[in-house]
Amino acid sequence: AKKSIGEKICFYESEMDEASRMRRTMARDIWVALEQGQFFLNYQVQRAVNPDRVTGYEVLLRWRHPELGLISPAVFIPVAEECGAIGAIGDWVLENACREAMQWNLQPKIAVNLSPLQLNNVSMIDRVRNVLAETGLPAERLELEVTESALVGDKARALHILQEIKAMGATIAIDDFGSGYSSLETLRSFPFDKIKLDRSFISELETSRQAKAFVRAILALGHSLNVSVLAEGVETEQQLAVLQQEGCHQMQGFLFGRPETLAILAETRSLQAID
Ligand code: C2E
Ligand code: CA
Ligand code: CA
Ligand code: CA
């Protein structure tokens, strides 16, 4: 049966109600979640091919909500940013990632995602310094992933914060590169150590000549700027083959490993907790 326009509107409205109800629930529970230990960290391997080696582990946050179940960070991070909890959550992630990296001797480094809001305040510089001092993780083993949207607020301040963190010895990656609107400008304004090629390019690699041309151009740019380029979301052998052919050797994606807790990763990799 055909749906009337009225019915359609009702349908969309109830879906929206559902989404906003979920957001309200998350905003209400997010602080309790932090106190009660409902957050945990997953790690996804990043690797280079020829020669084969692990180049790092990206830290990905998870929330196991008692009623809503496992919630994706793509859903709850925006809520945390909206309700003012992102600072506390970001601190929790940084601290626990550095501690776990030490505990499991994760080599050569971990990559932690930063919310743009974490680059709003210069206190972030001391937070990073303190976490490194407290956990004992050498700064060289910490990479921070920032998106271009991190640089839309007070750009000068954000860049200053990144510069100071880089001066400690940590590295900075630009995340989701190519998905924003001012990528080249961003790249020009800060000495990033790594470009993470957005997954959308990789998923279209086999079907779109244009995607392939962009990948090739970004690789050339990375090469001439002496910035490494990592392809995100590599899922198939064909994508791997095209990327290798184009000279992209750093990769991350389901083909190499899914995000998992360190306890699970340890079952398949040579990880061992240090007590
Ligand atoms: P992101 O930083 O772009 O992280 C990569 C996302 O792609 C992850 O989703 C990962 O699970 C997924 N992924 C990895 N390989 C593949 C693949 O081969 N195919 C496909 N389809 N997906 C793949 P996840 O874990 O759901 O995280 C989503 C986003 O949430 C992240 O995107 C990041 O922006 C944000 N996020 C995650 N953890 C944190 C955190 O601790 N702090 C902040 N501020 N944001 C975080
Ligand atoms: Ca990331
Ligand atoms: Ca990304
Ligand atoms: Ca993303």
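As the structure is a computational prediction, the values presented were derived from the model and not from experiment.

A. The arrangement of the packing of helix H3 (residues 86-103) against helix H4 (residues 123-135) in detail. The N-to-C vectors of H3 and H4 enclose an angle of 25°; their axes lie 9 Å apart at closest approach. When the interaxial angle is binned, H3 and H4 end up roughly parallel. The crossing of H3 and H4 is right-handed. Across from Asp91, Leu94, Glu95, Cys98, Arg99 and Met102 in H3, the residues of H4 making contact are Met124, Arg127, Val128, Val131, Leu132 and Thr135. Of the residues that constitute the contact of H3 with H4, the class distribution is seven nonpolar, one polar and four charged.

B. The coordination of the calcium ion (ligand 2), seen in detail. Listed as protein donors to the calcium ion (ligand 2) are Glu58 (OE), Asn113 (OD1), Glu145 (OE) and Asp175 (OD); their distances from the metal cover 2.1 to 2.4 Å. Mapping the donors of the calcium ion (ligand 2) onto the primary sequence gives the spacing E-x54-N-x31-E-x29-D. For Glu58, a relative accessible area of 5% translates into the label buried. Asp175 gets classed as buried once you look at its relative accessible area, which sits at 6%.

C. Region of the structure containing the environment of Pro191. Tracing the backbone through its elements, the reader meets Pro191 in the loop between helix H6 (183-189) and strand E7 (194-197). The class for Pro191 is partly exposed, based on a relative accessible area of 40%. For Pro191, the contacting residues outside a window of four places in its chain are Gln163 and Lys166.

D. Molecular detail of unusual backbone geometry. For the bond running from Asn50 to Pro51, omega is -10°, close enough to zero to count as cis. Of note, Pro51 is situated in the loop between strand E1 (39-48) and strand E2 (53-65). The omega angle of the peptide bond from Gln107 to Pro108 is -5°, so this bond is cis rather than trans. Here Pro108 shows up in the loop between H3 and strand E4 (110-113). A positive phi angle, close to 35°, is found at Asn50, a residue other than glycine. One can find Asn50 in the loop between E1 and E2. Even without glycine at this site, Asn105 takes up a positive phi of about 45°. Tracing the backbone through its elements, the reader meets Asn105 in the loop between H3 and E4. The class of Asn105 is partly exposed, set by a relative accessible area of 37%.

E. Structural detail: the packing of aromatic side chains. Here the structure, examined in full by the defined rule, presents six aromatic pairs. Geometrically, the ring pair formed by Phe39 and Phe76 is tilted, given 5.6 Å between the ring centres and 50° between the ring planes. Within this pair, whereas Phe39 is found in strand E1, its partner Phe76 is found in helix H2 (residues 73-82), the two being separated by 37 residues in sequence. As far as the burial class goes, Phe39 and Phe76 line up, both buried.

F. Representation of the coordination of the calcium ion (ligand 3) in the model. Summarising the metal site, the calcium ion (ligand 3) is bound by the protein donors Asp175 (OD), Asp176 (OD), Glu232 (OE) and Glu232 (OE), whose distances to it range over 2.1 to 2.6 Å. Sequence spacing of the donor residues for the calcium ion (ligand 3), all on one chain, is D-D-x55-E. Here the calcium ion (ligand 3) and the calcium ion (ligand 2) are spaced 3.9 Å apart, and both take Asp175 as a donor. With a gap of 57 residues between them, Asp175 in strand E6 (residues 171-177) and Glu232 in the loop between strand E8 (228-231) and helix H9 (237-246) connect regions that are remote in the sequence. Glu232 gets classed as buried once you look at its relative accessible area, which sits at 11%.

G. Expanded view of H9. Within H9, the full set of buried residues consists of Gln239, Leu240, Val242, Leu243 and Glu246. All buried residues of H9 fall inside an arc of 165° around its axis, so they share one side. Among the exposed residues of H9, those oriented more than 90 degrees off its buried face are Glu237 and Gln245. The inward-facing, buried residues of H9 abut helix H7 (199-203), helix H8 (209-225), E8 and strand E9 (250-252). Taken from the residues just after H9, Gly247 is the one with a positive phi, measuring 90°.

Parameters and conventions
- Residues numbered from 1 in each chain as written.
- Chains lettered and ligands numbered in written order.
- Predicted model: local features only at pLDDT ≥ 70, side-chain atom pairs only at ≥ 80, totals over all residues.
- Heavy atoms only, no water.
- Axes fitted to C-alpha atoms, helices over the stretch in contact; angles between N-to-C directions.
- Helix = DSSP H or I, 4+ residues; strand = E, 2+ residues; numbered from the N terminus.
- Parallel < 35°, antiparallel > 145°, perpendicular 65-115°, else oblique.
- Left-handed = near helix turned anticlockwise from the far one by under 90°.
- Contact = heavy atoms within 4.5 Å.
- Nonpolar A, V, L, I, M, F, W, Y, C, P; charged D, E, K, R; others polar.
- Donors = N, O, S within 2.8 Å, 3.2 Å for Na, K, Ca; no water.
- Buried < 20%, exposed > 50% of the residue type's maximum accessible area, 1.4 Å probe, protein only.
- Phe/Tyr/Trp six-rings, centres within 6.5 Å; stacked < 30°, edge-to-face > 60°.
- Arc of directions from axis to C-beta.

These results come straight from atomic positions and should not be treated as a statement about function.
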